[in-house]
Amino acid sequence: MATLDQKSPNVLLQSLCCRITGKSEAEVAHQFQFAVRVIGSNFAPTIERDEFLVTEKIKKELLKQRREADAALFSELHRKLQTQGVLKHRWSILYLLLILSEDPRKPSSRVGNYGALFAQALPRDAHSTPFYCTRPQSLALSYGDRCAGLSTGMGTSGISSLGVYTLNGPTPTPQSLLAGQPPAGGAPLLGSRLAWALPTSSPPSAVGPATIRPPLVPMLPTTRALRPRHDGDTDGEVTEAALVRDILYVFQGIDGKFIKMSAQDNCYKIDSKVVVNKSLRDTSSRLAELGWLHNKVRKYTDARSLDRAFGLVGQSFCASLHQELKEYYRLLSVLHSQLQVEDDQGVNMCTESALTLRRLLVWIFDPKVRLKMLAALVDFCQGRKGGELASAVHAYGKTGDPQMRALVQHILSLVSHPIRNFLYRWIYDGELEDTYHEFFVASDPNVKADRLWHDKYSLRKSMIPSFITMDQARKVLLIGKSINFLHQVCHDRTPPGKITPASESADTPKDAAELLSDLEGGFQAKIDAAYFDTSKYLLDVLNRNYLLLEHLQAMRRYLLLGQGDFIRHLMDLLKPELVRPATTLYQHNLTGILETAVRATNAQYDNVEILKRLDVRLLEVSPGDTGWDVFSLDYHVDGPISTVFTRECMGHYLRVFNFLWRAKRMEYTLTDIWKGQMCSAKLLQTMPELSGVLHQCHILASEMVHFIHQMQYYITFEVLECSWDELWNKVQQAQDLDHIIAAHEVFLDTIISRCLLDNNSRSLLNQLRAIFDQIIEFQNAQDSLYRAALEELALQLEFETMKEKNQAEGQWGVTAKQEEEEKARIREFQKTIPKMCSQVRILTHFYQSIVQQFLVLLTTSTDESLRFLSFRLDFNEHYRAREPRLRASLGATRGRRMSNI
């Protein structure tokens, strides 16, 4: 052993050749060279590595030799061997034993010859792929499975070499096997792709697995003199052998001598003038369907493969079809090989080993089913590209046939591979390189940075593959959009890899196949992880660097009048300015007043970034407007926060502010009215003639105060506070920026609709504005009344003072003329009192009629909170007693409520 270990492998191999042949070293030179070539070759396996098939074959061989007891003993021993882990490669050992059991003196069967011939077609290097990636070995193919079963049942009569057809997955096709393509390269010639015949320079028995053959040449039906077959047909009638040869060409889409493509009928058929047996004609027509199916698939691939606009997904689809056609061509090469062997050996059609139409009908059953599936898929995918094409392929995978499902799954893995690359580049790097618009995320390059979040990126719903849900697609869109928003708008330079760790890239269709098999698990987990990491980081940047939540609270405090002390003090400071005509106002004066109000209230403690954004805005001036009508607060937004506070949102804020400012002005006005009444009540006690009109003013003011207090309570608590609390809870629970934007928009829509600012509440808003106008009119009327009364009171006091002064000086208090003038003036004043009473009475009547109409509209509203507001406004049922429609509406409301109970 020590001596043997020191020898080189070549010496050992030469010694083995001498031992086997029994010759000297000089005489075994040829066999030694042959053995070196065999050991150094790298052929693809020509049989399936299936332990079960090998054991079945061994048992059949034992049964053929009538050794039933040995067969049973072998089964028992093999069962025990399977339960032990001594051997790792049991198939190899069993196959070696099977080969060694063959008698070397027995002439080799045709099965071995066919396998050797087919081995010539295999490439020297099985790992060199001329065109596309091969199918993974885990994918079950059906071409050879059925043929392998047939070959074992037919003995040596069938084309048993079909059993070796791609059972371990597809093997690459060498350049010499591509029809019309020279070995060194060049464009393939369409039409004669795989019409192959093996050369006959040496007999089949001399062909070994390591024999190097020259490139195979196309076999033309009219240029080769074949050995005639004796099938017993009469002269003038086309023989079955000729039809078999034609059928093999038709399988490749090539017209034969007798079977040609009929353009009129769009099928391959035998010309009616050709004399052929009816049975053979029918069988040939059935077989020729395979050629028609091949042409359909091949036409699609040839047309689309060169179309760059078809995109990467489409090219992957064409590549998968090319793979299936290559498998189909391998089958045809085996059939051609057998036909060539039969011609060389003169096999007659009546023998068991002959290649007949009926045997072809059985052998091409599975390929025909697969080609039918591919042809139907090609028809269904016409005009589709990108994600839509992937959806079409995925739809065909919903079948109960496991082989067809495996076929579609393999095609889908190739088709979805570019989509997976698009997706991972987008969610991990934020890059969108979709030249042919195949991905379901679309980008608009014309959109500027300030509208990036809203308008730049969107979903192409037609391109969302059916195996990706809408929720997953939305998350994918948000992930990449968040990355680009961080980089382009927030100017955050953090690499995407630090935001969310990227997973392993998908470089092979196998990764895409694993993706498709675990859409609910691994794929969903990757999407969720990237979504949560990216969204959380974006919200952290907005809150930490751009104070998003502080700006949101500032909107509530200032534009929605939530900062009470600031708003009240601002009104006090602005009153002298706002009562003036709007055309006399200057914005810089109002801005100075605003800064004074900020410094004098708790607003001064707010963030400087917030206070510098607060400003004054003057609205468009109309004739007759005062400062109250055109004044408005403003809040400047820019940068990333403008994504939440868009121009439309700020317009909504201004509308709500103007409404709230007007309602707050009514409260401020009624406070002034009440002050005036309280201050003047004792002064005017000396004028009993005014008691009636003053009483009417007090009653009307009380009604207005009650109305405004109820409206302020409704607006402040039921609308603003409830809506704000709901918004704040949603913002705190938001998982991404879209959730915040959506919650903010819902908040604005809610307060606009419930503050009667939407189109559906236009009539209510008009009535409410009319009520506000009546309050202003009442303030003016009462001011006029008190001004006139106080002037009269001042004159009377002046007259009495003068009278007392004269009497103190020893003179007459007043002259007759002065007394007459005083009485005339008093009579003149007393004449104005009925006018004042009438004016107040008219104001009261008009005010109550407007409130009455407002209550009618409230009770008929679909909003339950507005109906409850009508109950509070008419708490003593004063208006209900005067208006029948209120009684009907309230009764109907109660009836509906009772029916619901």
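See the structure printed just above.
Residues numbered from 1 in each chain as written. Predicted model: local features only at pLDDT ≥ 70, side-chain atom pairs only at ≥ 80, totals over all residues. Heavy atoms only, no water.

### Concerning the packing of helix α30 (residues 816-859) against helix α31 (residues 864-873)
Where α30 meets α31, the axes come as close as 8 Å, and the angle between the chain directions of the two elements is 145°. The chirality of how α30 crosses α31 is left-handed. Facing α30, whose interface residues are F854, L855, L858 and T859, α31 presents L866, R867, L869, S870 and L873. Classifying every residue of the contact of α30 with α31 by side-chain character gives six nonpolar, two polar and one charged. (Axes fitted to C-alpha atoms, helices over the stretch in contact; angles between N-to-C directions. Helix = DSSP H or I, 4+ residues; strand = E, 2+ residues; numbered from the N terminus. Left-handed = near helix turned anticlockwise from the far one by under 90°. Contact = heavy atoms within 4.5 Å. Nonpolar A, V, L, I, M, F, W, Y, C, P; charged D, E, K, R; others polar.)

### Side note on the pattern of salt bridges
Summed over the entire model, instances satisfying the criterion amount to 43 salt bridges. One salt bridge in this structure joins R827 and E820, with 3.7 Å as the shortest N-O distance. Overall, the relative accessible area of 42% leaves R827 in the partly exposed class. Salt bridges sharing partners connect three or more residues here, namely R425, D429, E431 and E433. (Salt bridge = Lys/Arg side-chain N within 4 Å of Asp/Glu carboxyl O. Buried < 20%, exposed > 50% of the residue type's maximum accessible area, 1.4 Å probe, protein only.)

### As for the side chain of K475
On the secondary structure map, K475 appears in helix α17 (residues 470-488). For K475, the side chain forms a polar contact with the side chain of D528, separated by 2.9 Å. Those residues within four positions of K475 in sequence are excluded, and the remaining contacts are Q524, I527, D528 and Y531. (Polar contact = N/O pair within 3.5 Å; in protein donor to acceptor, adjacent residues only side chain to side chain.)

### Points about the nonpolar core
In this structure, F251 and F566 are the most contacted members of the largest nonpolar core, which totals 200 residues. Per-element accounting of this core gives the leading share, 16 residues, to helix α27 (residues 691-733). With residues up to four places along the chain from it excluded, the contact list for F566 reads Y558, L594, A597, V598, T601, A603, L614 and L633. By size, the runner-up hydrophobic cluster in this structure holds eight residues, among which are V54, I58, W91 and L94. (Core = buried A, V, L, I, M, F, W, Y, C linked by side-chain atoms within 4.5 Å.)

### Some thoughts on the pairing of strand β8 (residues 631-635)
Counting buried residues along β8, five of its five residues qualify, which places the element largely inside the surrounding structure. Side chains of β8 alternate between two faces, with F631, L633 and Y635 and S632 and D634 buried alike. Where strand β7 (residues 614-618) meets β8, five bridges bridge the pair, whose relative direction is antiparallel. Among the inter-strand pairings, L618 is bridged to a residue of β8, identified as F631. (Pairing = 2+ DSSP bridges.)

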